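Architecture at a glance
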Amino acid sequence: PERAQGFEAGVKSTLADNQLRLNVGLYRYTYSNMQVEYFDSVAIALNSLNAGSAKTRGIEVEIEYAPNALEGLTFRGSASFNHARYGNFPVVCTPGQGPAEGCDPNGPTGPTQNLKGRPTAMAPDFAATFGVAYERALPNGWRLGASVDGRYSDSYYASSLLSPGTTVPRRTRDSSSASWRR
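Keep in mind that this is a model prediction, so the values were computed, not measured. (Residues numbered from 1 in each chain as written. Predicted model: local features only at pLDDT ≥ 70, side-chain atom pairs only at ≥ 80, totals over all residues. Heavy atoms only, no water.)

Bringing the state of the cysteines into the picture now. The full count for this structure, using the stated rule, is 1 disulfide. Note on cysteine connectivity: Cys93 is disulfide-linked to Cys103, with sulfurs 2.1 Å apart. Looking down the S-S bond of the Cys93 and Cys103 bridge, the torsion is 105°, so its handedness is right-handed. Taken together, the residues span a long stretch of sequence, with Cys93 in the loop between strand 7 (90-92) and strand 8 (112-114) and Cys103 in the loop between strand 7 and strand 8 at a distance of 10 residues. On the accessibility criterion, Cys93 (13% relative accessible area) is buried. (Disulfide = S-S within 2.5 Å. Helix = DSSP H or I, 4+ residues; strand = E, 2+ residues; numbered from the N terminus. Buried < 20%, exposed > 50% of the residue type's maximum accessible area, 1.4 Å probe, protein only.)

Structure representation (structure tokens):
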């Protein structure tokens, strides 16, 4: 069975006359018998493998500011640094992978690669968000609101086997919304 050992510690605070919330968390975990899934495009099957081990450590910061002087206005943001890496993880090479991508064609069981020290899947090293929202009360119980949000993420692998071509590039996204509700 997969096991995780580690710790998580943090502080949650409300400051500045309840206008500011600040949360900070630190974590570090070591996984043994880590289970990963990957899609085999040749067999058209979802497979599970034992990745051996992985270590992850990082910090997360969240902040929200709602100034009393501007009722209904809220600023929010977050940032996270996550260093997640595989331990010893020998695995078959993926289709189209060559020596330049870490594949040893003469591995003990055929073409193999060892992902030791490489990033785990779906784990960008850095990600951040920022947003602002405003909501105002209208007559007869109606409320009008609007928000704008942005997100940044470093690149990461979408495949547990770090298959070439499955890298999600670093990117920014934004969104906005408006609401009128009762």
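From this point, things continue past the structure.
This part takes up the sheet that holds strand 10 (residues 143-153). With respect to topology, 7 strands assemble into an open sheet ordered 1-2-5-6-9-10-13, the strand pairing being antiparallel. Looking at the sheet topology across the chains shown, the edges are occupied by strand 1 (3-15) and strand 13 (171-181). With direction set aside, neighbouring strand axes in the sheet form an average angle of 10°. (Pairing = 2+ DSSP bridges. Axes fitted to C-alpha atoms, helices over the stretch in contact; angles between N-to-C directions.)

Structurally, Gln19 is set in the loop between strand 1 and strand 2 (20-32). From its side chain, Gln19 meets the backbone nitrogen of Asn68 in a polar contact 2.7 Å long. (Polar contact = N/O pair within 3.5 Å; in protein donor to acceptor, adjacent residues only side chain to side chain.)

By secondary structure assignment, the location of Ser159 is in the loop between strand 11 (156-157) and strand 12 (167-168). Since its relative accessible area comes to 13%, Ser159 is described here as buried. In terms of polar contacts, Ser159 uses its side chain to reach the backbone amide nitrogen of Leu161, at 3.1 Å. The residues touching Ser159, leaving out its near neighbours within four places in the chain, are Ala121 and Thr166. (Contact = heavy atoms within 4.5 Å.)

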